[in-house]
Amino acid sequence: MSRRIVIVGGGPAGVGAAMAARQQDPDAEVTLLTDEPCEPYEKPPLSKAVLLGKAAPHDAPIAGPGGVAGHGVIVRHHARVAGIDRAGRILTLVGGEALPYDALVLATGAVNRVLPLFPPDQPGVYYLRNLDEALAIRAHLQQAKSLVLIGGGVIGLEVAASAAELGLKTTVIELAPRILSRMCDPETGDIIAARHRTAGVDLRLATSITAARALPEGGIAIDLASGETIAADMAVVGVGAMPDDALARAAGLEVQDGIVVDRHCRTSDPAILAAGDATRFPGPHGPVRLENWRHAQEQGMVAGRNAAGGESAYDTAPSFWSEQFDLYIQGVGWPVPEPTARVVRTAGPATRITFDLDGDLLRYASGINAQRDIAAARRLIERKIPVDPAALADPAVPLAQLLKPRA
């Protein structure tokens, strides 16, 4: 009898798991459950090309032109899971249908962190995580003249860049003293902030909100701790996400702000694996949870292979990217709490990379418009190749050259 593998979640982790499981065991019956009505799609364009009307989600299916089914996977749309019978290894769907499994992969992702001052059912208030939310924001953007973003992270800044490109008066309110504080060094953040301001985006940093209310004529008014009030036609809230671990918790799996897994993506139940934004897994500085596309896909592939009988370990250096105006922002590796050295490489006013070292090993790199060098930095990090700080700083020395063993 063929192995029955069920995967819950239609994001990059779930799709990666489904495709990897089929590759690992071509005879396995692999079923992917997604609660959305369409082919699993790439979500990064939602805050950029989709909002600008330049692309639709079906233009970028995660599994390629043939879709997930083209890889021999059974896809179930509108599929919501009611519960897991771990003893019987049966998944129950809303509606009562039972799906038996030999291995189960939970790739349930994350849900928006909701601010009480900005309830998602209030007219003019939006959160962004899926296609329906993106289309609702796009429809309002086409009618609006002003927008306020709550949060100066990746989502908030990408939406701000899109809104500014559409000609809206755009304001970003960020509680921290700088943008992207968890992802890049202050100088890189300053370059990104300057680009937003050049495009007309009003960045309000180190700013707290005391109240928000709907306006009788439509739109929203936001009171700041400074006493100022900002009014806008609409607001988009991007203040992070929480792991969607409710299903795992209800099933009695170990959960600690995410589904706890080992290096092989196994949960506290050996028949159940998990991957992506919903998981907490071993990192170099202790248990960690990540929220980015590449992490989700690559950890999903490990989970899928292991669900199909493999024994892979997840040890990939995580990375992120963001497109804002003409800036392509990237980061790779594990940020070091206290790097022994921080080295900067510049190649013109719009190209910059910052390297964080631990001894003679590169641990983290972030940059702007430096795709080729970031790719080389990833290999330096993953291969643990000792590096010379002077060579890292010198734009005349190709980073690929540092991948070669020293004589």
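Residues numbered from 1 in each chain as written. Predicted model: local features only at pLDDT ≥ 70, side-chain atom pairs only at ≥ 80, totals over all residues. Heavy atoms only, no water.

(A) Structural context of the overall build of the protein chain. The helix and strand tally for the protein chain stands at 8 helices and 26 strands. For a compact globule of 407 residues, the expected C-alpha radius of gyration is about 22 Å, and the protein chain comes in at 22 Å, within 12% of that figure. Seen through its C-alpha atoms, the protein chain measures out along the principal axes to roughly 70 × 65 × 35 Å. Buried residues in the protein chain amount to 51% of all 407 residues. A sequence separation of at least 24 residues applies to 58% of the contacts in the protein chain between residues at least 6 apart. (Helix = DSSP H or I, 4+ residues; strand = E, 2+ residues; numbered from the N terminus. Rg over C-alpha atoms; globule rule 2.2 N^0.38 Å. Buried < 20%, exposed > 50% of the residue type's maximum accessible area, 1.4 Å probe, protein only. Contact = heavy atoms within 4.5 Å.)

(B) Local environment of the layout of surface pockets. For the second largest pocket, the calculated volume is near 370 Å³. Lining the second largest pocket are 17 residues, with P284, D315, W334, R363 and K384 sitting closest to its centre. Breaking the lining of the second largest pocket down by element, the ones donating at least two residues are β20 (279-283) and α7 (371-383). (1 Å grid on protein atoms, 1.4 Å probe; cavity = no way out; pocket = protein on both sides within 12 Å on 5 of 7 lines; lining within 4 Å. Points joined across faces, edges and corners; volume = space filled by probe spheres on them.)

(C) Region of the structure containing the packing of aromatic side chains. Applying the stated rule across the entire model yields 3 aromatic pairs. Between W293 and W321, the aromatic rings sit 5.8 Å apart at their centres with planes inclined by 70°, giving edge-to-face as the arrangement. Pair noted here: W293 is in helix α6 (residues 293-307) and W321 is in strand β22 (residues 319-324), with a separation of 28 residues, a long-range link. What links up through ring pairs into an aromatic cluster is the set F281, Y314 and W334. (Phe/Tyr/Trp six-rings, centres within 6.5 Å; stacked < 30°, edge-to-face > 60°.)

(D) Fine view of the side chain of H140. Secondary-structure assignment places H140 in helix α2 (residues 131-141). Among residues more than four places away in sequence, those in contact with H140 are G124, Y126, D233 and M234.

(E) The arrangement of the side chain of S319 in detail. Along the chain, S319 turns up in strand β22. Taking the relative accessible area as the measure of exposure, S319 reaches 11% and is therefore buried. Side chain to side chain, S319 and R378 meet in a polar contact 2.7 Å long. (Polar contact = N/O pair within 3.5 Å; in protein donor to acceptor, adjacent residues only side chain to side chain.)

(F) Representation of helix α3 (residues 154-165) within the structure. In this model, α3 (12 residues) spans 17 Å end to end at C-alpha, consistent with the 16 Å of a helix rising 1.5 Å per residue. For α3, the tally of buried residues reaches 10 of 12 residues, placing the bulk of the element in the interior. Looking only at α3, the buried set comprises V154, G156, L157, E158, V159, A160, A161, S162, A163 and A164. Once α3 finishes, G167 follows within two positions and takes phi at roughly 95°, a positive value. (Expected span 1.5 Å × (residues − 1).)

(G) The arrangement of the nonpolar core in detail. Membership of the largest hydrophobic core comes to 53 residues, with the highest contact counts inside it found for I5, L33, I84, L91, L104 and L106. In terms of residue count, helix α1 (residues 12-24) provides more of this core than any other element does, 6 residues in total. I84 has contacts with I90, L91, Y101, L104, L106, L247, A251 and I272, leaving out every residue within four places of it along the chain. Counting 35 residues, the second largest nonpolar core, distinct from the first, contains Y41, I137, V201 and I329. (Core = buried A, V, L, I, M, F, W, Y, C linked by side-chain atoms within 4.5 Å.)

(H) Region of interest: the pairing of strand β2 (residues 29-33). Buried residues dominate β2, accounting for 4 of its 5 residues. Relative to β2, strand β1 (residues 4-8) runs parallel, the two being bridged by 5 bridges. Among the inter-strand pairings, I5 is bridged to a residue of β2, identified as V30. On the question of chirality, the crossover connecting β1 to the parallel β2 by way of α1 is right-handed. Where β2 lies against strand β3 (residues 74-76), 3 bridges are found, and the strand directions are parallel. Each bridged residue has a counterpart across the sheet, and for L32 the counterpart in β3 is V75. (Pairing = 2+ DSSP bridges. Right-handed = clockwise from strand over helix to strand, strands pointing away.)

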